[in-house]
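What follows is each chain in one-letter form.
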Amino acid sequence: MAEKAIFISGGASGIGRAVATLFAAKGWRVGIGDVDAAAMAATADALGVEAHALDVRDYDQWVAVLNAFTRGGPLHVLHNNAGIAQGGPYGEIGRDEIDRVTDINFRGVLYGARAAFPHLARTPGSCLLNTASASAIWGAPGLSAYSATKFGVRGLTEALDGEWAAAGIRVRSLMPGFIDTPLLKASIAGSNQTAREKVVEAGLEFTPVEEVAQAAWDLVHSDKALHAHVGPTARRLAFAARWLPG
Ligand code: NAD
């Protein structure tokens, strides 16, 4: 049987790195794509996985990177995972911030899915896995643009799972709640004391990335579940998001 392979965008850090770690440990061939060259090289060295420079906002890069990765064998899973947090309350952010968060979190995911289709369609039992968020279940005040992109990722997941069933491709999404990664730490680090106290009051302890990686593994092997939620509930996340820095 051919070795199974997964390609993970944003695989240099956080959730993507944890997924790369787990799948590599299970014997899969793993490729990661990221804009952070230094972090990507460190992760690739540490895990013994393939690294491909990729900016998910560039469709041509997606095509080139997936062509290069599949020269080593068929693609079983594309994990559309790269994403960024929103920098500021919606009434105050500029157009550049709206463009940045939608380009990476939403358009980048649409591009990845489209570029991966011919590769996944050639591989029996393949899967497109998208990292959405608990804020795709319940819109998070303070993270409105971010939530909008994640609702978009959820919509794409549900629509494509139906559309691509005929091609034998399952489409799934992860909905993490409050995970211990640099993305989230960057948000919390700028919080004032009140914000931190409110987050603690809400009981929003961080969930380890390893739990998200296990959920990714389970989803990739599931014929039933479309989404997997990991961590505190979306309602609690929405409450806490009010206290994140503007
Ligand atoms: P992270 O910052 O640790 O990792 C994100 C990675 O994406 C980084 O390596 C970064 O360099 C890369 N990246 C950013 N822009 C890119 C681009 N244009 N092209 C390619 N790579 C790019 O963050 P994380 O928490 O692991 O986030 C991963 C995903 O999980 C994101 O989609 C995020 O929205 C989602 N998520 C995170 C949490 C959380 O609590 N941490 C909760 C819900 C959803």
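- In the annotation of an unreviewed UniProt entry, the entry for the protein chain reads SDR family oxidoreductase, and the organism field reads Sphingomonas gilva.
- One UniProt comment on the protein chain, placed under Sequence similarities (unreviewed entry), says "Belongs to the short-chain dehydrogenases/reductases (SDR) family."

## Here we look at the overall build of the protein chain
Next, step 1: Counting secondary structure elements, the protein chain contains nine helices and seven strands.
Next, step 2: Scored against the burial criterion, the 246 residues of the protein chain give a buried share of 47%.
Next, step 3: A fraction of 73% describes how many contacts in the protein chain between residues 6 or more apart in sequence connect residues 24 or more apart.

## Here's the deal with helix H3 (residues 59–70)
Next, step 1: Its 12 residues give H3 an end-to-end C-alpha distance of 17 Å, which sits within 8% of 16 Å, the value for a rise of 1.5 Å per residue.
Next, step 2: Inspection of H3 places Trp 62, Val 65, Leu 66 and Phe 69 among the buried residues, and these make up the whole buried set. For H3, the angular spread of buried residues about the axis comes to 95°, placing them on one side. The outward face of H3, more than 90 degrees from its buried face, is lined by the exposed residues Asp 60, Asn 67 and Ala 68.
Next, step 3: Along its buried surface, H3 packs onto strand E1 (5–9), strand E2 (29–34), strand E3 (50–53) and helix H4 (95–121).

## Structural notes on the packing of H4 against helix H5 (residues 144–163)
How two helices sit against one another is set out by the angle between their axes and by the gap between those axes.
Next, step 1: Contact geometry of H4 with H5 gives a least axis separation of 9 Å together with a crossing angle of 10°. Classified by the angle their axes make, H4 and H5 are roughly parallel. Touching Ile 98, Val 101, Thr 102, Asn 105, Phe 106, Val 109, Leu 110 and Ala 113 of H4 are Ala 145, Tyr 146, Thr 149, Lys 150, Gly 152, Val 153, Leu 156 and Leu 160, all from H5.
Next, step 2: For the contact of H4 with H5, the class distribution of residues is 11 nonpolar, four polar and one charged.

## Remarks on the site of the ligand
Next, step 1: Around the ligand, the surrounding shell holds 29 residues, and the nearest of these are Gly 10, Gly 14, Gly 83, Thr 181 and Leu 183.
Next, step 2: Put simply, the parts of the chain that give the shell around the ligand at least two residues each are helix H1 (14–25) and helix H6 (182–189).
Next, step 3: Looking at the shell around the ligand residue by residue, the class counts come to 15 nonpolar, 10 polar and four charged.

## Thoughts on the pairing of strand E5 (residues 127–131)
Next, step 1: For E5, the buried fraction is high: five of the five residues fall into the buried class.
Next, step 2: On the question of chirality, the crossover connecting strand E4 (residues 77–80) to the parallel E5 by way of H4 is right-handed.
Next, step 3: Where E5 and strand E6 (residues 170–176) come together, five bridges link them in parallel fashion. Across the sheet, residue Cys 127 finds its bridge partner in E6, namely Arg 170.
Next, step 4: Assessed by its sense of winding, the connection that carries the chain from E5 through H5 to E6 is right-handed.

## Quick look at the pairing of E1
Two faces, one strand: in a regular strand the side chains alternate between the faces of the sheet.
Next, step 1: Counting buried residues in E1 gives five out of five residues, a clear majority hidden from the surface.
Next, step 2: Side chains Ala 5, Phe 7 and Ser 9 of E1 all project onto a buried face; the interleaved residues Ile 6 and Ile 8 project onto the opposite face, where all are buried too.
Next, step 3: Relative to E2, E1 is paired through five bridges, and the arrangement is parallel. Residue pairing across strands places Ala 5 opposite Arg 29, the latter belonging to E2.
Next, step 4: Taking the sense of rotation as the criterion, the β-α-β connection linking E1, H1 and E2 turns out right-handed.
Next, step 5: Sheet topology note: the E1/E4 ladder contains three bridges and is parallel.

Scoring rules and cut-offs
- Residues numbered from 1 in each chain as written.
- Predicted model: local features only at pLDDT ≥ 70, side-chain atom pairs only at ≥ 80, totals over all residues.
- UniProt positions renumbered as here; feature names shortened; annotations may be inferred.
- Helix = DSSP H or I, 4+ residues; strand = E, 2+ residues; numbered from the N terminus.
- Buried ≥ 20, exposed ≤ 12 C-beta atoms within 10 Å, placed from the backbone.
- Contact = placed C-beta atoms within 7 Å.
- Expected span 1.5 Å × (residues − 1).
- Arc of directions from axis to C-beta.
- Axes fitted to C-alpha atoms, helices over the stretch in contact; angles between N-to-C directions.
- Parallel < 35°, antiparallel > 145°, perpendicular 65-115°, else oblique.
- Nonpolar A, V, L, I, M, F, W, Y, C, P; charged D, E, K, R; others polar.
- Near = placed C-beta within 6 Å.
- Right-handed = clockwise from strand over helix to strand, strands pointing away.
- Pairing = 2+ DSSP bridges.

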